[in-house]
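Spelled out from the first residue to the last, the chains are:
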Amino acid sequence: MSQPQSSLRLVSLDALRGFDMCWILGMGGVVTALLKHFAAESAITGVVTTQLEHAAWAGFRFYDLIFPLFLFIAGVSMAIALPRRLQREGQAAAVRHLIGRALILVALGVFFSGGLKDGWEKIRWLGVLQRIGIASAVAGMISLWLGWRGLLITVITLLGGYCLLLGLVPVPGIGAGDFAEGRNLTNYLDSIWLPGRKYNGDNDPEGLLSTLPAIATALLGLLAGKWITSEAGASRKVLGLIGAGGVMIALGWCWHPFFPIIKKIWSSSFVLVAGGWSTVLLGVFYWIVDVRGWQKWTTPFVWVGANPITLYVCSGLGFFRTISERLVGQPSKDWAWLPACVTFALMLTVARWLWKRGIFIKV
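Residues numbered from 1 in each chain as written. Predicted model: local features only at pLDDT ≥ 70, side-chain atom pairs only at ≥ 80, totals over all residues. Heavy atoms only, no water.

Participant: Please explain the overall build of the protein as it appears in this structure.
Facilitator: The helix and strand inventory of the protein stands at 14 helices and zero strands. The order of α-helices and β-strands along the protein, N terminus first, is α-α-α-α-α-α-α-α-α-α-α-α-α-α. At 21 Å, the protein has a C-alpha radius of gyration in line with the 21 Å of a compact globule built from 363 residues. On the principal axes, the C-alpha backbone points of the protein span a range of 65 × 55 × 45 Å. Counting every position in the protein, which comprises 363 residues, the buried fraction comes to 48%. For the protein, the accessible area works out to roughly 17600 Å², and carbon and sulfur atoms hold 65% of it. Side chains of the protein carry 31 positive and 18 negative charges; the gap between the two charge centres is 9 Å. (Helix = DSSP H or I, 4+ residues; strand = E, 2+ residues; numbered from the N terminus. Rg over C-alpha atoms; globule rule 2.2 N^0.38 Å. Buried < 20%, exposed > 50% of the residue type's maximum accessible area, 1.4 Å probe, protein only. Areas by Shrake-Rupley, 256 points an atom, 1.4 Å probe, with all protein chains shown as cover. Lys, Arg positive; Asp, Glu negative; His and termini not counted. Charge placed at Lys NZ, Arg CZ, Asp CG, Glu CD.)

Participant: Explain unusual backbone geometry here, please?
Facilitator: Trans peptide bonds make up the majority, and among non-glycine residues the majority have a negative phi. Notably, Trp266 is not glycine yet its phi reads approximately 50 degrees, a positive angle. Within the secondary structure, Trp266 sits in the loop between helix H9 (234-255) and helix H10 (268-291). In this structure Trp266 comes out as buried when scored by relative accessible area, which is 0%.

Participant: Looking at this structure, I do not really get the pattern of salt bridges. What am I missing?
Facilitator: Pairing between side chains of opposite charge can happen when the charged atoms of each approach one another. Inspection of the entire model under this criterion finds seven salt bridges. Here Arg17 and Asp14 are joined by a salt bridge, their closest N and O atoms 3.2 Å apart. Separated by three residues within a single helix, Arg17 and Asp14 lie in helix H1 (residues 11-38), roughly one turn from each other. Two residues, Glu53 and Arg61, come together in a salt bridge whose shortest N-O distance is 3.8 Å. (Salt bridge = Lys/Arg side-chain N within 4 Å of Asp/Glu carboxyl O.)

Participant: What should I look at first to understand the packing of helix H11 (residues 299-306) against helix H14 (residues 338-356) in this one?
Facilitator: Think of two packed helices as two axes; the pair is described by the angle between the axes and how far apart they sit. H14 packs onto H11 with a crossing angle of 75 degrees between their chain directions and a minimal axis gap of 8 Å. As summarised for this structure, H11 and H14 are arranged roughly perpendicular, according to the angle between their axes. Of the residues in H14, those in contact with Pro300, Val302, Trp303, Val304 and Ala306 of H11 are Met347, Leu348, Ala351, Arg352 and Trp355. In the contact of H11 with H14, the residues fall into nine nonpolar, no polar and one charged. (Axes fitted to C-alpha atoms, helices over the stretch in contact; angles between N-to-C directions. Parallel < 35°, antiparallel > 145°, perpendicular 65-115°, else oblique. Contact = heavy atoms within 4.5 Å. Nonpolar A, V, L, I, M, F, W, Y, C, P; charged D, E, K, R; others polar.)

Participant: Please explain the packing of helix H3 (residues 66-89) against helix H4 (residues 91-112) as it appears in this structure.
Facilitator: Running from N to C, H3 and H4 cross one another at 135 degrees; their axes reach a closest spacing of 7 Å. Here H4 runs oblique to H3, going by the angle between their axes. Contact with H3, carried on its side by Met78, Leu82, Arg85, Leu86 and Glu89, involves Gln91, Ala93, Ala94, His97 and Leu98 of H4 and no other residues of that element. Tallied by class, the residues present in the contact of H3 with H4 amount to six nonpolar, two polar and two charged.

Participant: Help me understand the confidence of the model for the protein in this model?
Facilitator: Atom-level detail of predicted coordinates should not be read off regions where pLDDT is low. In this model, the protein carries an average pLDDT of 93, and 98% of its residues clear a pLDDT of 70 or more. Taken together, the stretch residues 1-7 has pLDDT below 50 and engages in 11 contacts with residues farther than four places along the chain or on a different chain. (pLDDT = per-residue confidence, 0-100.)

Participant: Where do I start with the nonpolar core in this structure?
Facilitator: Most often, soluble globular proteins keep nonpolar side chains buried together rather than apart. Core analysis: the biggest nonpolar cluster contains 84 residues, and Leu16, Phe72, Leu219, Leu282, Val304 and Met347 have the highest contact counts within it. Of the residues forming this core, the biggest block, 12 residues, is contributed by H3. What Phe72 contacts, discounting residues up to four positions off in sequence, is Thr217, Leu220, Gly221, Ala224, Gly275, Ser278, Thr279 and Leu282. Counting residues in each nonpolar core, the second largest holds 11 residues, with Cys163, Phe179, Leu185 and Ile262 among its members. (Core = buried A, V, L, I, M, F, W, Y, C linked by side-chain atoms within 4.5 Å.)

Participant: I tried to follow helix H8 (residues 211-228) on my own but got confused; where do I start?
Facilitator: Structurally, the α-helix is built with 3.6 residues per turn, so residues lying three or four positions apart point the same way. The end-to-end C-alpha distance of H8, which contains 18 residues, comes to 26 Å, matching closely the 26 Å that a straight helix rising 1.5 Å per residue would cover. Counting buried residues in H8 gives 15 out of 18 residues, a clear majority hidden from the surface. (Expected span 1.5 Å × (residues − 1).)

Participant: Looking at this model, I keep getting lost on empty space enclosed by the protein. Mind explaining?
Facilitator: Unoccupied space between atoms shows up once a probe the size of one water molecule is rolled over them. As enumerated under the stated definition, the model contains one cavity of 30 Å³ or more in all. Size it by volume and the largest cavity reaches roughly 30 Å³. In terms of lining residues, the largest cavity is bounded by Leu126, Gly127, Gln130, Arg131, Ile134, Glu206 and Thr211. For the lining of the largest cavity, a count of residues per class yields two nonpolar, three polar and two charged. (1 Å grid on protein atoms, 1.4 Å probe; cavity = no way out; pocket = protein on both sides within 12 Å on 5 of 7 lines; lining within 4 Å. Points joined across faces, edges and corners; volume = space filled by probe spheres on them.)

Below is the structure:
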């Protein structure tokens, strides 16, 4: 008897997580540095360089996908891990685990952003790690009580409700339905209710109200995870993921003229476009890695995907960059590409060292 798909390890998920983390941990800087030094300026290099930068406000670029992709993958992982924990330990234990993990990530995020070194008033209470912890925990708890239909209805409610809030609730002195930076309801609520230091002065891209659509991103990952671990055939799974992703991308861009695609407020249209591309990537990786069995090329990504939070914190604290500066110093213009490459190589070396020794620091 073959082993049920839900109990199998999805190498594609580990590889996709590592692929995503590599862009967070410096692969974009490596590509940019090498293109700048070795490639002649052209339309192609211009497009690539542009895609490796965030959109200033409205719009969507490749780099705008990196963070929501990680949150989406967290949802996929929960769809695999939570049923096992629920069966093994029960619902109360599963809830405690989700809340405990969220608290650890919030604490790590606060520490990562400077902690208490500048006093209570300068603490950045919300950020990337905090959003991952809070949004994935809430999504996970919702999934303990709802089936796939309930999860889908919750996603629609969150995205539709968020759109209505920003479109209908007036901002004092500005009015309703203004999505411009600093003039929308999301930024306004951060400015009056979010304590401590905000990333953008009086508002934060990982702020209070935008946590609601971020939960929807994690729920989309949960839905994708339920599908990829279902009893459906492999080809059907691949086609379903790519097809659903394509529909979400189309819906997101159709929504864009009415509720613009804006990462910094995690707009509903942004959730659909980012979630759509995340779903497509999951389908492609699943087909290549798990269905076709082409896995050797994923090895470095699997190293990184095994300890993503550890490597993220080390990178954010300047661990790899500091060692790189000691090794290569400040090279001449001809070698200006070297620091980014050495920094990234150091990160991969640490990731490999942890993997080879079976050290997996789970959060």
